[in-house]
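Letter by letter, the chains look like this.
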Amino acid sequence: MQFQLSGQQIEITQALRDRATSKLDRLTHLDDKILSLSIVLSIDKLQQCAEGTLAVKGTTLHAEAKEPDMYASIDSLIEKLTHQLRKHREKINDKHQREVREERQYG
């Protein structure tokens, strides 16, 4: 999996990089077919913004999080991407199970 962390108008410190990479385990635990993850950190007035794009086989997931603290925005972003990835995986599994069930019934 490719991982890219960049910042707009903010310097990416080692602590921010460590926080983002430590949260990657949640995503890779759900799906091992993740192609890439790109996170952009920025500051918008008093809000700390984190935007992430997750490329998975078959689709691309995108989420944004704005919090007063950058670490909280990273946590919120990963939580949103985890929720979207879990929903995507369930949708794929339901579709395949339905196809197998219909094939057994009508096949």
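Refer to the preceding data block for the structure.
Residues numbered from 1 in each chain as written. Predicted model: local features only at pLDDT ≥ 70, side-chain atom pairs only at ≥ 80, totals over all residues. Heavy atoms only, no water.

Caption draft 1: Region of the structure containing the overall build of the chain. Looking only at helices and strands, the chain features two helices and four strands. Going residue by residue from the N terminus, the α and β elements of the chain occur as β-α-β-β-β-α. Relative to the globule expectation of 13 Å for 107 residues, the C-alpha radius of gyration of the chain, 17 Å, shows a markedly less compact shape. Taken over 107 residues, the chain has a buried fraction of 30%. Surface accessibility of the chain: about 7300 Å² in total, with carbon and sulfur atoms responsible for 45%. Taken together, the 17 basic and 17 acidic charged side chains of the chain have centroids lying 5 Å from each other. (Helix = DSSP H or I, 4+ residues; strand = E, 2+ residues; numbered from the N terminus. Rg over C-alpha atoms; globule rule 2.2 N^0.38 Å. Buried < 20%, exposed > 50% of the residue type's maximum accessible area, 1.4 Å probe, protein only. Areas by Shrake-Rupley, 256 points an atom, 1.4 Å probe, with all protein chains shown as cover. Lys, Arg positive; Asp, Glu negative; His and termini not counted. Charge placed at Lys NZ, Arg CZ, Asp CG, Glu CD.)

Caption draft 2: Structural context of the environment of isoleucine 34. Note on placement: isoleucine 34 falls in strand E2 (residues 34–44). On a C-alpha basis, the gap between isoleucine 34 and leucine 85 in space is 9.8 Å, while along the polypeptide they are 51 residues apart. Once residues lying within four places of it in the same chain are set aside, the contact partners of isoleucine 34 are Met1, Leu27, Thr28, Leu54, Ala55 and Leu85. (Contact = heavy atoms within 4.5 Å.)

Caption draft 3: Looking closely at the sheet that holds strand E4 (residues 59–67). Here we have four strands laid out as an open sheet, ordered E1-E2-E3-E4, and mixed in their pairing. Either end of the sheet is taken by a strand with one partner, and the two such strands are strand E1 (2–8) and E4. Averaged over neighbouring strand pairs, the angle between their axes works out to 10 degrees when direction is ignored. Across nine bridges, the pairing between strand E3 (residues 47–56) and E4 is antiparallel. (Pairing = 2+ DSSP bridges. Axes fitted to C-alpha atoms, helices over the stretch in contact; angles between N-to-C directions.)

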